[in-house]
Amino acid sequence: MSSSTSNCRRKKEMLSFLLFKTLPGFKDVFSKVSESTIQTGDILLFPIETCSSGSIWSFKHAAVYCNEGEVIHLQKIRSSGNRTWIIKEGYKAMKKDRGKCEIYRKKDGIDLNDFYSKVREAMNSEAKYDITKNNCIHFALFLLGLVDFYMQLVEVDNEGGSDRPVSIPSVSPPRQGCGVAGRTVVSQRDLVRLFRFRPSNGTHNKVRVLPLGAIATRSASFTHAGFLAFLPDFFLVGRRRGLGVGPAGQPKTPADGDAAEEVTSPVLATEAGQPACYSALRADELRPLAGPEPAVATSTVPPPRHDDLKEMLDSNKDSLKLEAMKRIVAMIARGKNASDLFPAVVKNVACKNIEVKKLVYVYLVRYAEEQQDLALLSISTFQRGLKDPNQLIRASALRVLSSIRVPIIVPIMMLAIKEAASDMSPYVRKTAAHAIPKLYSLDSDQKDQLIEVIEKLLADKTTLVAGSVVMAFEEVCPERIDLIHKNYRKLCNLLIDVEEWGQVVIINMLTRYARTQFLSPNQNESLLEESAEKAFYGSEEEDTKDAKAEAASLAKRKPYVMDPDHRLLLRNTKPLLQSRNAAVVMAVAQLYFHLAPKAEVGVIAKALVRLLRSHSEVQYVVLQNVATMSIKRRGMFEPYLKSFYIRSTDPTQIKILKLEVLTNLANETNISTILREFQTYIRSMDKDFVAATIQAIGRCATNIGKVRDTCLNGLVQLLSNRDELVVAESVVVIKKLLQMQPAQHSEIIKHMAKLTDNIQVPMARASILWLIGEYCEHVPKIAPDVLRKMAKSFTNEEDIVKLQVINLAAKLYLTNSKQSKLLTQYVLNLAKYDQNYDIRDRARFIRQLIVPTEKSGALNKYAKKLFLAQKPAPILESSFKDRDHFQLGSLSHLLNAKAVGYQELPDWPDEAPDPSVRNVEVPEWTKCTSREKRKEKVEKPFYSDSEGESGPTESADSEPESVSEESGSSSSSSSSSSSGSEEEEEEEEEEEEGSGEQSEDKEEEEEKRTKRKEKEGSRKAAGSPSEEEEEEEGAKKAKKKASQGRKSRTETSSEEASASESSSSGSDSGSEAETKRRKPPSSRAGPKEISLLDLDDFTPPPPQPVPSSSHLLSPAFGAVRTYELLHRMAGEGLSVEYCFSRRPFPGDPHMVAVQIQISNNTDAEVKSLRVSEPKPLSGMRIQEFPEIERLAPGDTASVVMGIDFCDSTQAANFQLCTHTRHFYVSIQPPVGELMAPVFMSENEFKKEQGKLTGMSEITEKLTLPEKCRSDHAIVQQVTSAANVGRVPCGADNEYRFAAKTVTSGSLVLITLERREGAAAQLTVNSEKMVIGTMLVKDIVQALAQ
Amino acid sequence: MIHSLFLINCSGDIFLEKHWKSVVSKSVCDYFFEAQEKAIDVENVPPVISTPHHYLISIYRDKIFFVSVIQTEVPPLFVIEFLHRVADTFQDYFGECSETAIKDNVVIVYELLEEMLDNGFPLATESNILKELIKPPTILRSVVNSITGSTNVGDTLPTGQLSNIPWRRAGVKYTNNEAYFDVIEEIDAIIDKSADLGQAVCSGSCILASCPGHRFHLPLCHYLQNPRLLDDVSFHPCIRFKRWESERVLSFIPPDGNFRLISYRVSSQNLVAIPVYVKHMISFKENSSSGRFDVTIGPKQNMGKTVEGVVMTVHMPKAVLNMNLTATQGSYTFDPVTKVLTWDVGKITPQKLPNLKGIVNLQSGAPKPEENPSLNIQFKIQQLAISG
């Protein structure tokens, strides 16, 4: 009934009238008075319900006090359409019956004469009921002369024998008479008279009449019964709506209600003109009360089964109600229809007991859609709940309210959602977000308003709301991508804290968003490589907050530069790969697959492989996606090849998917392993899987030419397999393979021809026949014989085989007509009378084509061309090819078909849309990491420190630095001033964060603040102009020094080693050695550096910070430690030591050069010293040193050998042989020796560091010992621990080093940041986590010494 | 998102249904039954089935199919993961996720489902919150309830939902500040006939049992000192990623009760030594209806720890009718329907190696199985971490 829109509208009107209009209007005209002062003309508002649960209704029943304790009111006759009774009752009785009333008096008094005449008129009239225009309130107001009311005079009716429903006069006269006493007494006669109607009431629904006796015996206070017949219209409305207005809730015995029902039931009827919402009336809620013979009032109700349940629901005991509700819920759970209990259940919606209430909610949500009208009455409970001070109650009220799928309450829902969207509590807002899609599915016309709410909620800053609102966004308006702009960064930053389900939705949405807003990171890969400009902007990518810089960078961007926001998204989603929730991991994986630059996609492989250990359903989905990914990015999963090996316990569908992945991953290097694996699979018991394996082998063979022959041979071997399925599958695959190069394989074809005797699988037979036909020239002898055999068995073959037999015959006829002419004709004749019309047609067609007759035309000539044309080899490709146009991880991708509601993943735009749309006026401080900020800050002075941006606000932190400088050196260095100012910036930053402070006293700072300002000015003046020159010069110098240093090192490496040893032993020579080490180039290559001597000017001998540029070389001269390879005793006089010379090994850049020093301490000469039998672990290579012919006693020889340690710290084992002995030795490299220094600028460093965050970043806090606090000591210790190059660094409490691992060339970046006092923090960024971790350990150890 | 959920048992009865949006008829499950029939094996029922108007995403757990009905595009893993979470919750509440347990507690199940999803979108999936909302049934409580008439639904309003750390109830206090960690490491290895290790994956999980404190900083020294590093880790959401990334410290506010803190995989660079070996002799005679079966399990270098709980399962070829075996230790069963041989060995003592020997009866006339079956062996070693 709700389908009709007019009905709908009417219902809405009614509701708004009842809920909002009528009652408030009262208050303007009326004033409330107390009961004691009641007088004629007062309006009485009775509650229409007095439920035990005590809910108060906004609906009221209105009556007017006449006098002498009488009350007149209009009452709708239950279920009789719009018929009404106008009746008088005793006030007290009415009060007792309906509960306490509110009394209102018209403020300006009433005209009593008019009132009485109206009452008199009314008492002789009846009125048509209309809930919006002619209801009890209207009636009351009419009596007071306030509104119009429409009545008509009563037509007096013959009581007996009428088949009309009970009409007013038949009952009301006695009422009027009785009313005077203030208590209504219905005589037995009246009742009898009432009942007398029933049998004759034939036009109405079936009504059972309860014998009067039954009523009498069961009715304790029988006198009430008649009275109850006149329950007011709103009572009826209420009851119909199903809320707790049943008699059970009223303070009287069931029998009362019983009788009342009996009395009213004769008039239960549906009338045409009745408002739709009334027709759902059911008396069934009262049925159980009617005892063994329930009054079935409506035909829609199935036979009563749940009487006991209803009884329990109506009882006053919560435990009974609970029990009933549990049984009902159990029924729902089993899928049984419990809808007929609706009225009984719903009136418990306001029950105090939480569990009952919850179960009622469950019921309500399930059946509200079917029983819309009755569901309506529960709404005010929820409306009250929406105003509750407790946020949880508000939320749950909204949740249930929005779950009731009743179109009529759309405006109420809308209002509630709007209100909740601006609720104080984030939880309520979250619920509001949940309610949005519910409302949208109910009424899509509300879209515009809902979008407003979504927009508002999207701006919400709490994590609780984010996931839900994005879900709402996706369901309601996924196309409104513009709503995201302003919230994009916030969503990215909040992402990690959102609950896991929300994360999935947000990530999927952001993937789509990013596709529309950013440029493809892979569009011009070559330009991506290296450019200084890019380095600058690349590092600024971190700066997501600074809109201006971003705009500037955009303007200058020429090749591809990743949008900082794009980067932000990638960076913030990466940690979620570690989520325990497979869906989140998959979401991040697809995001990376669709959005990340090629180089970065690899990170997801590991996480996806991890998911393979999860439930088989998860595996299934993940493997589907991996299969797609592995086609596009094969390299990504190659390292995890073994993870896709198949277990015998895997379900077949998983096996087949794994096979798919393995096949996709196959390439020339790993094909042998894969094929070996496949061989095992072929022996599996799972035949489907075996068939799939054979196909996979076929695919490998087509894709990788190298193994084609091997595969083919393997497959041919399978032809002798005992399992027919295997053979058949092999035949089919071989056929495909042979098509590629048939000429060489006549042997195989012959072999297969023999198989026709045994193989019964039609597809395989057909394949063989086709092959023989196609290549009959290669097997001229066999082919006719096969045809002969086939002709013999032709009639018994399957259709597909028959067709191929015909084909074979035709082809043979064309090539070898002499031998096969008769056979062909025989076959064609057989085919001519075949049952299958396809075969008959084919036979006719071929006969015409190949057998030359007079009739056959020109086609005949071309028969050979037609049949023996070169056929292109089939391409075996993955079914997962091109699946990636669906967003990975989506349902559509899985099904390879567009699912309902799938949002296409848009292509990258050609032109990047304006990124400034994402700028938010108020900068957000959600998750700005300190590093981010630091970079941002350091950046500026690098290019523009002379602008004085940092002038007045600088803190005093840099003071000590400059002080020490001044005290240490006579002249202030311009370059250090630049670094100083940068550092000040940074420290200022630090102070803001409160994370670190300098070691200096605050008092000192205060004192010198003013001084510093002055200095600042002068420094700027002096420092800025020469800044860049200095920088350049420094770089040049560095290069020179590097080359020189290398030379000098080759000469003196051994000396150095000893020097370092002595220095580490400490004492007086220490400082000297240190200076030497720090500035070796200048001292060693003195003469050549004259032109650069200005450097020396400001770096005089006493230990003090050296300008950063001069450090570029120092690492190469870090302490060289010697290790023992063979002790004198163990070596029987031969002692061998080795050290890592830190030079590139000539010949192979991937090897670490190991300098070996062999001393002969024996008396005899040692001959033919050499390395033999190197036993490197997998991947390791050893380049032996040239054999030493002889070594005189007491002599020492030094040789260099190269070892490729494969970036692992595992020892290289080999034998050291002399002419007499073999010594087993092993060289274990410290991790620091596995790398070579690289030179990079600060910006490059930061850029690279930005790439190596997350798992590849290892941080360790440490305390620097006393002697290790000076700059040079730190640098020395670090460079001694690892072969790294120093990177110039603006801040002087930070040291940066960079190196590349020797074998793989992956970057190792070290940052040591000094904090307050002795504290420091060491950060190592490296892709190689093992190396990173060990390096941290080593450096910490070195620094602790 | 999720429209409806049907729970179906192995014999194809729909014994529970729940709808979050409008009701979807049961008949939609017919498509599922169709797929199930086609799949032969329960494990092979495709998790995602497309029907004309709906999509069915199902999982199979503990002999129950959880079939969810989807109407629009949704990441399938999202649904699968959620359904598993539902099953986990049932397990958590009732001790087992079986048909009888669900039927016995149908009301609680319904209440749980109602709380877990709102309009098909997950609302509260953390067991802590759920337990606050709906108390799990215990014998004691059911007795008390029947006497006092109180209910399973918490009277107090759950506050966990409101916080940013939904996994922990507010105001949890314990008298003693102790936390116990179980570290469980598993190896999965495939070993081929010639005893070559095909693939071995070592993975572990750290399960925190009964944990009171407020905040934990757990330096993973155990793992960091070990050269074999954690290759890949997944975390409970309570762990702060930032601190893990920056300092390699597990910092978290633990949920109340048992939970899985991290799962990790140990990098497979170092091949794991499998502490048991199996000598097998399984042969089927040509042209006869019997074969021989002889399997011995023995411990390899096991670092002084005993190998316990050894169970061997063998999926025998279809042709096998029955097996007459004698075990020197433990007991064996052979299910002639599924053709699965299970041998529960128990502890292995090096002195006396467990052996299972006997005759295999084959279907007469059937060709001899061409390939020997694969053996699955499970075992436990207490207090030994493979990662060291």
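Residues numbered from 1 in each chain as written. Chains lettered and ligands numbered in written order. Predicted model: local features only at pLDDT ≥ 70, side-chain atom pairs only at ≥ 80, totals over all residues. Heavy atoms only, no water.

Peer 1: For this particular structure, what's the right way to read the overall build of chain B?
Peer 2: A tally of helices and strands in chain B yields eight helices and 21 strands. Counting across all 388 residues of chain B, residues that qualify as buried make up 53%. Within chain B, residue pairs in contact and separated by at least 24 positions form 64% of the contacts whose partners lie at least 6 positions apart. Looking at chain B as shown, the accessible area adds up to about 17,300 Å², and 52% of this sits on carbon and sulfur atoms. (Helix = DSSP H or I, 4+ residues; strand = E, 2+ residues; numbered from the N terminus. Buried < 20%, exposed > 50% of the residue type's maximum accessible area, 1.4 Å probe, protein only. Contact = heavy atoms within 4.5 Å. Areas by Shrake-Rupley, 256 points an atom, 1.4 Å probe, with all protein chains shown as cover.)

Peer 1: Before we go on, may I ask you to explain the nonpolar core in this structure?
Peer 2: As a rule of thumb, nonpolar side chains are buried together in soluble globular proteins. F644(A), I850(A), F66(B) and F90(B) are the most contacted members of the largest nonpolar core, which has 287 residues in total. Ranked by residue count, the leading element in this core is helix 28 (residues 582–595) of chain A, at 12 residues. Counting only domains with at least three residues in this core, you end up with domain 1 (2–148) and domain 2 (180–270) of chain B. Residue contacts for I850(A): discarding those within four places in its chain leaves A810(A), Y813(A), L814(A), T824(A), L828(A), N860(A), A863(A) and F867(A). (Core = buried A, V, L, I, M, F, W, Y, C linked by side-chain atoms within 4.5 Å. Domains from an automatic or database assignment.)

Peer 1: Is there a simple way to explain the sheet that holds strand 12 (residues 1166–1172) of chain A in this structure?
Peer 2: Through backbone hydrogen bonds, the strands of a sheet pair up, either in parallel or in antiparallel fashion. Residue and element names in this part refer to chain A. The four strands lie next to each other as 14-12-16-17, forming an open sheet whose pairing is antiparallel. Only two strands of the sheet have a single neighbouring strand rather than two, namely strand 14 (1188–1191) and strand 17 (1222–1227). Sheet twist, expressed as the mean angle between neighbouring strand axes with direction ignored, is 30°. As judged from the three bridges shared by strand 12 and strand 16 (residues 1212–1217), these two strands associate in the antiparallel manner. Paired with S1172 across the strands is Q1215, a residue of strand 16. (Pairing = 2+ DSSP bridges. Axes fitted to C-alpha atoms, helices over the stretch in contact; angles between N-to-C directions.)

Peer 1: Please explain the pattern of salt bridges as it appears in this structure.
Peer 2: Oppositely charged side chains may form a pair once their charged atoms are brought near each other. Tallied over the full model, the rule gives 38 salt bridges over all chains. With its nearest N and O atoms 2.8 Å apart, the salt bridge here joins R327(A) to D308(A). Taken together, the residues R327(A) in helix 12 (residues 318–333) and D308(A) in helix 11 (residues 307–314) connect sequence positions 19 residues apart. What makes D308(A) partly exposed here is its relative accessible area of 34%. Between E797(A) and R765(A) there is a salt bridge whose closest N-O contact spans 2.7 Å. Taken as a pair, E797(A) in the loop between helix 40 (782–793) and helix 41 (799–815) and R765(A) in helix 39 (residues 762–774) lie far apart in primary sequence, 32 residues in all. Taking relative accessible area as the criterion, E797(A) reaches 12% and is therefore assigned buried. What emerges from the salt-bridge pattern is a single network uniting K358(A), R399(A), K438(A), E115(B) and D118(B). (Salt bridge = Lys/Arg side-chain N within 4 Å of Asp/Glu carboxyl O.)

Peer 1: Explanation requested: helix 54 (residues 1271–1281) of chain A in the structure shown.
Peer 2: Residues lying three or four places apart along an α-helix face the same way, a consequence of the helix completing one turn every 3.6 residues. Of all 11 residues in helix 54 of chain A, 11 are buried, a share of seventy percent or more. Among all positions of helix 54 of chain A, only D1271(A), H1272(A), A1273(A), I1274(A), V1275(A), Q1276(A), Q1277(A), V1278(A), T1279(A), S1280(A) and A1281(A) are buried.

Peer 1: Sorry if this is basic, but what is going on with the confidence of the model for chain B here?
Peer 2: Fine structural detail should not be taken from predicted coordinates in areas where pLDDT scores are low. Residue and element names in this part refer to chain B. Within chain B, residue pLDDT values average 76, and 71% of them lie at 70 or more. Of all the helices and strands in chain B, helix 7 (residues 221–224) carries the lowest mean pLDDT, 43, while strand 5 (residues 64–70) carries the highest, 91. Here residues 210–215 is a poorly scored stretch, pLDDT under 50, and it has 29 contacts once near neighbours within four places are set aside; other chains count. Below a pLDDT of 50 lies the segment residues 219–228, which in the model reaches 26 contacts outside its immediate sequence neighbourhood of four places, other chains included. Reported confidence for the predicted complex is 0.87 by ipTM and 0.59 by pTM. (pLDDT = per-residue confidence, 0-100.)

Peer 1: Sorry if this is basic, but what is going on with the packing of helix 12 of chain A against helix 14 (residues 354–367) of chain A here?
Peer 2: Two quantities define a packed helix pair, namely the angle between the helix axes and the distance between the axes. Residue and element names in this part refer to chain A. The geometry of helix 12 relative to helix 14 is characterised by a closest axis approach of 9 Å and an angle of 35° between their N-to-C directions. The handedness of the crossing between helix 12 and helix 14 is left-handed. Where helix 12 abuts helix 14, its residues D318, K321, L322, M325, K326, I328, V329 and I332 lie against E355, V356, L359, V360, Y363, R366 and Y367. Class assignment of the residues belonging to the contact of helix 12 with helix 14 gives a composition of 10 nonpolar, no polar and five charged. (Left-handed = near helix turned anticlockwise from the far one by under 90°. Nonpolar A, V, L, I, M, F, W, Y, C, P; charged D, E, K, R; others polar.)

Peer 1: Is there a simple way to explain the interface of chain B and chain A in this structure?
Peer 2: Interface size is commonly expressed as the accessible area that is lost once the parts come together. Taken residue by residue, the interface counts 100 residues in chain B and 98 residues in chain A. In total, about 8,800 Å² of surface goes out of reach between chain B and chain A, with carbon and sulfur atoms giving 57% of it. E115(B) is the salt-bridge partner of R399(A), the closest N and O atoms lying 3.4 Å from each other. Taken together, the connections running from chain B to chain A amount to 22 residue pairs in polar contact (both at pLDDT 80 or more). Here the side of chain B that touches chain A gets eight residues from one element, more than from any other, and that element is helix 2 (residues 76–94) of chain B. (Buried area = accessible area lost by both parts, 1.4 Å probe. Polar contact = N/O pair within 3.5 Å; in protein donor to acceptor, adjacent residues only side chain to side chain.)

Peer 1: In this structure, what is going on with the packing of aromatic side chains? I would like to understand it.
Peer 2: Each pair of aromatic rings is reported with the distance of its centres and the angle of its planes. With the rule as written, the count across this model stands at 24 aromatic pairs over all chains. With centroids separated by 5.4 Å and ring planes inclined at 25°, the aromatic side chains of Y1123(A) and Y1138(A) adopt a geometry described as stacked. Highlighted residues: Y1123(A) in strand 9 (residues 1122–1126) and Y1138(A) in strand 10 (residues 1134–1144), separated in sequence by 15 residues. Ring plane angle 45° and centroid distance 4.6 Å describe the contact between Y60(B) and F65(B), whose orientation is recorded as tilted. Residue class for F65(B) comes out buried when judged on its relative accessible area of 1%. Members of the aromatic cluster, connected to one another through ring pairs, are W501(A), F78(B), F82(B) and F121(B). R366(A) extends its terminal NZ or CZ atom over the ring of Y367(A), reaching a point 4.5 Å from the ring centre. (Phe/Tyr/Trp six-rings, centres within 6.5 Å; stacked < 30°, edge-to-face > 60°. Lys NZ or Arg CZ within 6 Å of the ring centre and 35° of its normal.)

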